Structure formats: structure tokens, C-alpha cells
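Letter by letter, the chains look like this.
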Amino acid sequence: MKQNVIVVMLDSLQFNYLGCYGNKWIKTPNLDRLAREGVLFENNYIEGVPTVPCRRSMHTGRYFLHSKGWSALDMEDTTIADLCWGRPIDTALIFDCPMYRLPKFGYARGFDKVYFLHGHEADHMYYSQDPLFHRQPEDFVEDHILETADKVMGEKVIGPLLHETADYLKHRQLWRTDEDQNVANVMKMAVKYLEHADRDKQFFLWVDSFDPHEPWDPPSVYDPDLKCPYDPDYKGKDMFLPIMGPVKGIYTEPELHHIRMLYAEKVTMVDKWLGYLMDQVRAMGLEENTLFLMVSDHGEPLGNGEHGHGIMRKCRPWPYEELVHAPMIMKGPGLPAGKRVSSFTQSCDVAPTVTDWLGIGVHPEHQGQSLLPLARGEVDKVRDFAVAGYFRYSASIITKDWSFIHWTRPEERTIGESMYQIYGAGIERSSGHIDNALDMLPINVEEGQMRDAATLDGEDQWTCTPGSVAEVPERDELFDRRADPFQLNNIAAKDPGRASELYARLREFMADLRTT
């Protein structure tokens, strides 16, 4: 029987905004159904965040936290699509995530069929020359923020925010229902591909939906007759594109709550269209021989406390739980239904799992593990811990009972070791070799604007969120995962021995990666 794979990437999907991961109030019936019919991985962590580093790891099956950040694929990188080449496997990429098509980045390479839908972050300028008739960006920012944000944040933030919001509105000003939204059109295109797929051959389909990534503008934002189902009594403006940065002095708690509820509404909308794809896969009879794998690249900081440690959006290189703990669920013939796996999994496990199912096998270059034996119960675990972080800024280790974050600051030494030692010898910020996009000249105005916005403190690019700042806490942090799962109480000073032990374990692992 021909073995197929469908991978669905849902960008910025927080694990704790899903019913199957324990959320009691949100409605995600299709993701919950996928979990009931398949295998849910409870402790899945993204080793290198955000968008681009994660996808690099997923497509190549390798760790890059120690060596690469927001950068192009190298010729030495071997992707899933590369491994399918020359075999009777049709490959397709259907996406609206603009990061796949950043100039010279090469993340769409190797796919037989590629379809891209315009309009999301870094591509919103595609609509910048269109007229804006029906809405104004000021309609989506509270007046007190318009008046005070520049003063509070100490930089010009309102102008760029309004400009970006206007570009989005030019694209979306006539939207009314969820049928208009990008996720709907991405899933419809995926179904169209499946309808025309050659049933006598295998296929590997990667569906990459940028939703529920910001802007968090679900149907209630555009339909005057709709209220946000999770915050129907809110009287303020729908701030679907909040200012990135610290939230103190900018937003009120009710405003922060409403932003989160807009995000939740968008999650529910994405769930609906994932369900559409799942239903069509079933109707076509593809469930009999197809692995369906749902993944995300990260969560999202959304305010104070457990919601985001005081920040909004990915504007600091902070690998806290709300960002790096991501959902992953898979379903396939022969796999158990309703199984929950507590063993640690990582983003680099995606490629070996996919190639294993396709019959290619696990490639010698893969550092991740196929999760099929774990799902089938043939093994209890594939690793003892997970790692996560931002290249050159932070690295964390997560064990069953503890999580530890090492902040790699050039002017500090933590627990007696240089920040560079965690990555092994030979890593210097002043090194002359080209290892990311910032070392290349922009090839057009839009690319230059995006890159300028992401040139953070003169350091290597680690995110594409404009206005971000590459600052980290002054001391390493240790957290008790059982008592403090969202990492709010740093106990490193109370238990320095355990902090040192975890730091040494992290250093050893990162050093080993540099030799493999």
C-alpha cells in the first residue's frame, strides 16, 4: 500500500489554547478529535525559535540552536523534499507563510508543486499600493495608546504600527466571514491538490498556515453583527495588531484580555478549517494509508505573568514556556487512538518521522528521531530532556521536573563559564563568515525595509518582528516544572547546585551537537 504524509503547520499555535491540551473554555473540536483518533505529544519543544529556525529543523531533522539562527538553507542541508526527489513520491508545499519565500532563503526548494497565498507578515506590503476605502488603522488602536505609546516606549512605534495595519486593511477591508480568511483558502487549496493527486503514487504534502499568527483579526473584527465569542461584552477597539514590546504602561488588563480572546477566536477559526481538511481526507479514502501530522513552530507571548512574562509578541529572545512548548498530534493507520505521550519530542523529529513513514527511512544526517516507534509503544522515550532557545541569545534545558534557562550575554559570565562556551569553541559575534541574511545586501526595497526592522541592536537577526530588542535577563533561571509550569518563580539562587548541574548538562549537549 502506498504510504502518504500530510503535515499541517499552524503558525503560533499555543498548546494551552487547545482543549486536548487541557484548556477548559476554548472550542477546538477538530484538534480535539484529531487527538482522540491519534497520538498527542504532551512535551513537544521547539529547539530553535522562531519561524525560520524551527522550519529549518523540521525539514532537515537537525538541531541548529548551537550553530544557525534566522538564516537561509545551506547547500549541505538535506530536506524531506530533497530525500523524496528521484523516488515515486509527489511533493507539494501549499502555504501563506512568507518566510518560505524570503529572497535566497530556499525553503521551498525541492517541492514538485508550490502554491503561495499573499497577505501575511513580511508580505503585507504586497497590498501597500492598493486604495483603502472602508476602514482606518486608527480604528484598531485605542486613543490613549495613540497618545502615549511613543513616550512610554521611548521610540517611534505608532507610525510603523499604523502603516503596517493599513497595509493589512487594504487586503482585508472587504472581509466578512471566515470564508474570506487566509487559512480557509490555504486549506481549500490543499484539498484541491489532494483531489488531483495520482493515487498510484505516494505523496508528501506540507500545508503551512500562517494563522493563527498575528494579526489576530478573526471574523468578529470585520463583521459588525458579530461579537468576539470569548469576550462578547468588551466595549473597546479590536486591537488585532498590538504593539510589540513590554505591555506595562501601554495596555490595561481588560485590553490585554481582549487581545488574547481575539487570538482565541482565531484559533477556533483555524480549528474549523483544519476540520474541513480532515473531513475531505476522510471522504477521499486517504485515511487508510496517510499519516496526518499537525505541528506548530511556537506559541506567543501575550502579556503579563503566565501569558507572556510582560511582553507582547516575539519581541525578546526569551524561550519561556508560552513560546517554546508547542502542540504536536499525529494520526495514521496502525497507530493507536487516544494515546498521550509524555516523552520529550522536538521539532527535529518531524523529518525522520515523515521519511520513516514514507519508506525512505531515517537519514544518517538526521539528529532527530522517528516518533513512530514511540507512538506505537515500541519504546518509552526517545530522549531524556529537550532543549530550546534563540541562537546566540538563550538556551534552555527542560527535564521532567525542572527547566533551566541560560542567557548568553557578552558582558556577563554565569555560573563561572563564558557565554560562548555553551555553543562550543569558535563562535564569535565578530566572526567574518556569512551565516545569515543580514550579511547579504537586500535585493529590493521591501526586503531592505524588513531587514532594517529586524536588525536588532546590530546583532544577528533572530526574529522578523519589527521593533524587537535583543535584551535578556541578567541572571540564569531555574524553575520547578511541577510547582511552577509557566516559569514565574526563579529559584536558581535557592538551588544553585541544581542550576549548575543543569547548566553542565546543557553545555555538554550543545558541545556534542557541534561534533555531529
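In what follows, the structure referred to is the one given above.
Fair warning: this is a prediction, and the values are worked out from it, not measured in the lab.

Asks: Account for the overall build of the protein, naming residues and giving values.
Replies: Broken down by element type, the protein carries 13 helices and 17 strands. Within the protein, buried positions represent 63% of all 516 residues. For the protein, the share of sequence-separated contacts (at least 6 apart) that also reach a separation of at least 24 residues comes to 74%. Just so you have it, the protein exposes about 19,600 Å², and 50% of that area is on carbon and sulfur atoms.

Asks: I'd like a rundown of the nonpolar core, residues and numbers included.
Replies: The biggest cluster of nonpolar side chains holds 84 residues, and the ones touching the most others in it are Leu194, Leu205 and Ile243. The element best represented in this core is helix H8 (residues 253-283), accounting for 14 residues. Setting aside chain neighbours within four positions, we find Leu205 in contact with Val5, Ile6, Val7, Ala92, Ile94, Ala190, Tyr193 and Leu194. Counting residues in each nonpolar core, the second largest holds 61 residues, with Trp206, Val324, Ala326 and Phe344 among its members.

Asks: With reference to specific residues and values, describe helix H13 (residues 496-513).
Replies: In a regular helix each residue adds 1.5 Å, so 18 residues correspond to 26 Å; H13 covers 26 Å between its end C-alpha atoms and thus fits that length. Along H13, the positions that sit buried rather than exposed are Ala499, Leu502, Tyr503, Leu506, Phe509, Met510 and Leu513. The buried residues of H13 occupy one face: seen down the axis, they fall within an arc of 130°.

Asks: Account for the sheet that holds strand E11 (residues 339-346), naming residues and giving values.
Replies: Here we have 8 strands laid out as an open sheet, ordered E4-E3-E5-E1-E7-E10-E2-E11, and mixed in their pairing. Looking at the sheet topology across the chains shown, the edges are occupied by strand E4 (113-116) and E11. Each neighbouring strand pair of the sheet contributes to a mean axis angle of 15°, computed without reference to strand direction. Pairing between strand E7 (residues 290-295) and strand E10 (residues 328-331): 4 bridges, direction antiparallel. Within E10, the residue paired with Phe292 across the bridge is Lys331. Set on the sheet, helix H1 (residues 29-37) makes contact with strand E2 (39-45), E7 and E10; between it and E10 the angle comes to about 60°. Strands strand E1 (4-10), E7 and E10 of the sheet are contacted by H8, whose axis makes an angle of about 170° with E1.

Asks: Requested: an account of helix H6 (residues 182-196), with residues and values cited.
Replies: In this model H6 runs 22 Å from its N-terminal to its C-terminal C-alpha over 15 residues, within 8% of the 21 Å that 1.5 Å per residue would give. Those residues of H6 that fall on the buried side of the exposure criterion are Asn182, Val183, Ala184, Val186, Met187, Ala190, Val191, Tyr193 and Leu194.

Asks: For the side chain of Asp211, give the residues involved together with the corresponding values.
Replies: Checked against the element boundaries, Asp211 lands in the loop between strand E5 (202-209) and helix H7 (219-222). There is a polar contact of 3.4 Å between the side chain of Asp211 and the side chain of His120. Side chain to side chain, Asp211 and Lys266 meet in a polar contact 3.1 Å long. Residues within four places of Asp211 in sequence aside, it is in contact with Leu10, Asp11, His120, Gln181, Asn182, Val183, Lys266, Met269 and Val270.

Asks: Can you explain the sheet that holds strand E17 (residues 477-480)? Please cite residues and give values.
Replies: Overall, antiparallel pairing links the 4 strands, which are arranged E12-E13-E14-E17 in an open sheet. A strand with exactly one partner marks an edge of an open sheet, and here the two such strands are strand E12 (386-390) and E17. Averaged over neighbouring strand pairs, the angle between their axes works out to 15° when direction is ignored. Relative to strand E14 (residues 402-407), strand E13 (residues 394-398) runs antiparallel, the two being bridged by 5 bridges. Bridging across to E14, Ser394 finds its partner in Trp407. Sheet strands touched by H13: E12, E13, E14 and E17. Its angle to E14, the strand with the most contacts, is close to 70°.

Asks: Before we move on, can you summarise the pattern of salt bridges with the specific residues and values?
Replies: Going through the model one piece at a time under the given rule, you end up with 32 salt bridges. Taking the shortest distance from any N to any O, the salt bridge between Asp178 and Lys272 comes out at 2.9 Å. Linking Asp178 in the loop between helix H5 (158-172) and H6 with Lys272 in helix H8, this pair joins segments that are 94 residues apart in sequence. Accessibility expressed as a relative area gives 14% for Asp178, which makes it buried. Accessibility expressed as a relative area gives 44% for Lys272, which makes it partly exposed. Residues joined by salt bridges that share partners form a network here, namely Arg33, Glu37, Asp279, Arg282, Glu287 and Lys331.

Asks: Go over the environment of Thr148, please, and point to the residues and values.
Replies: By the secondary structure assignment, Thr148 is in helix H4 (residues 143-153). Thr148 gets classed as partly exposed once you look at its relative accessible area, which sits at 28%. A C-alpha to C-alpha distance of 8.8 Å links Thr148 and Gly249, two positions 101 residues apart in sequence. At a separation of 2.7 Å, a polar atom in the side chain of Thr148 contacts the main-chain carbonyl oxygen of His144.

Asks: Just give me the short version of empty space enclosed by the protein, but keep the residues and values in it.
Replies: All chains considered together, the criterion is met by 5 cavities of 30 Å³ or more. Here the largest cavity is characterised by a volume of approximately 80 Å³. Forming the boundary of the largest cavity are Leu34, Met278, Val281, Glu287, Thr290, Phe292, Lys331 and Gly332. Here the residues of the lining of the largest cavity are counted per class, giving 4 nonpolar, 2 polar and 2 charged.

Asks: Would you mind going over the side chain of Lys331 in detail, with residue names and values included?
Replies: Among the secondary structure elements, Lys331 is positioned in strand E10. Residue Lys331 is classed as buried on the basis of its relative accessible area of 14%. Polar contacts involving the side chain of Lys331 include one to the side chain of Glu287, which spans 2.6 Å. Setting aside residues up to four positions removed in sequence, Lys331 forms contacts with Leu34, Glu37, Gly38, Arg282, Glu287, Thr290, Leu291 and Phe292.

Asks: Account for the packing of aromatic side chains, with residues named and values stated.
Replies: Two numbers describe a pair of aromatic rings. These are the distance of the centres and the angle of the planes. Applying the stated criterion across every chain yields a total of 23 aromatic pairs. Between Trp175 and Tyr222, the ring centres sit 5.8 Å apart and the planes meet at 75°, which makes this aromatic pair edge-to-face. Residue Trp175 is located in the loop between H5 and H6, and its partner Tyr222 is located in helix H7; the two are separated by 47 residues in the primary sequence. Of the two residues, Trp175 and Tyr222, neither departs from the other in class, the shared state being buried. Note on Phe204 and Trp206: the rings are 6.4 Å apart at their centroids and 80° apart in plane angle, and the pair reads as edge-to-face. One exposure class covers both Phe204 and Trp206, and it is buried. Taking the ring centre of Phe64 as reference, the NZ or CZ of Arg56 above it sits at 4.7 Å.

Parameters and conventions
- Position numbers for residues count from 1 along each chain, tracking the sequence in the order it is written.
- The predicted origin of the model limits local features to residues at a pLDDT of at least 70 and limits the giving and counting of side-chain atom pairs to 80 or more, whereas totals for whole chains, interfaces and linings rest on all residues.
- Heavy atoms throughout the structure, all of them, feed into the side-chain values; hydrogens and water do not.
- Secondary structure follows DSSP: runs of H or I at least 4 residues long count as helices, runs of E at least 2 residues long count as strands, and numbering of each begins at the N terminus.
- Throughout this description, buried means an accessible area under 20% of the type-specific maximum (1.4 Å probe, protein chains only), exposed means over 50%, and partly exposed covers the range between.
- Contacts: residue pairs with any heavy atoms within 4.5 Å of one another.
- Per-residue accessibility takes into account occlusion by the displayed protein chains alone, with areas from the Shrake-Rupley method and a 1.4 Å probe.
- Nonpolar core, defined: a set of buried Ala, Val, Leu, Ile, Met, Phe, Trp, Tyr and Cys residues in which side-chain atoms within 4.5 Å join the residues together.
- Expected helix span is given by 1.5 Å per residue-to-residue step, counting one fewer step than there are residues.
- The arc in question is formed by the directions pointing from the helix axis toward the C-beta atoms.
- Strands are labelled as partners when DSSP assigns at least two bridges between them.
- Here an axis means a line fitted to C-alpha atoms, over the contact stretch when the element is a helix, while the angle between two N-to-C directions is reported on a 0 to 180 degree scale.
- Within 3.5 Å is the distance limit for a polar contact, defined as a pair of N or O atoms, with the added protein rule that one can donate a hydrogen and the other accept it, and that residues adjacent in sequence qualify only through two side-chain atoms.
- Here a salt bridge means any side-chain nitrogen of Lys or Arg lying within 4 Å of a carboxyl oxygen belonging to Asp or Glu.
- For each structure, a 1 Å grid was placed over the protein atoms alone; sets of points admitting a 1.4 Å probe that cannot get out are labelled cavities, open sets with protein on both sides within 12 Å along at least five of seven lines are labelled pockets, and lining residues have an atom within 4 Å of a point.
- Grid points are joined across faces, edges and corners, and a volume is the space filled by probe spheres set on the points.
- For this scheme, ten residues count as nonpolar: Ala, Val, Leu, Ile, Met, Phe, Trp, Tyr, Cys and Pro. Four count as charged, namely Asp, Glu, Lys and Arg, and the remainder, Gly too, count as polar.
- What counts as a ring pair is set by centres within 6.5 Å for rings of Phe, Tyr and Trp (its six-membered ring), and what kind of pair is set by the plane angle: stacked under 30 degrees, edge-to-face over 60, tilted for all other angles.
- In our convention, an over-ring charge means Lys NZ or Arg CZ found within 6 Å of a ring centre and within 35 degrees of that ring's normal.

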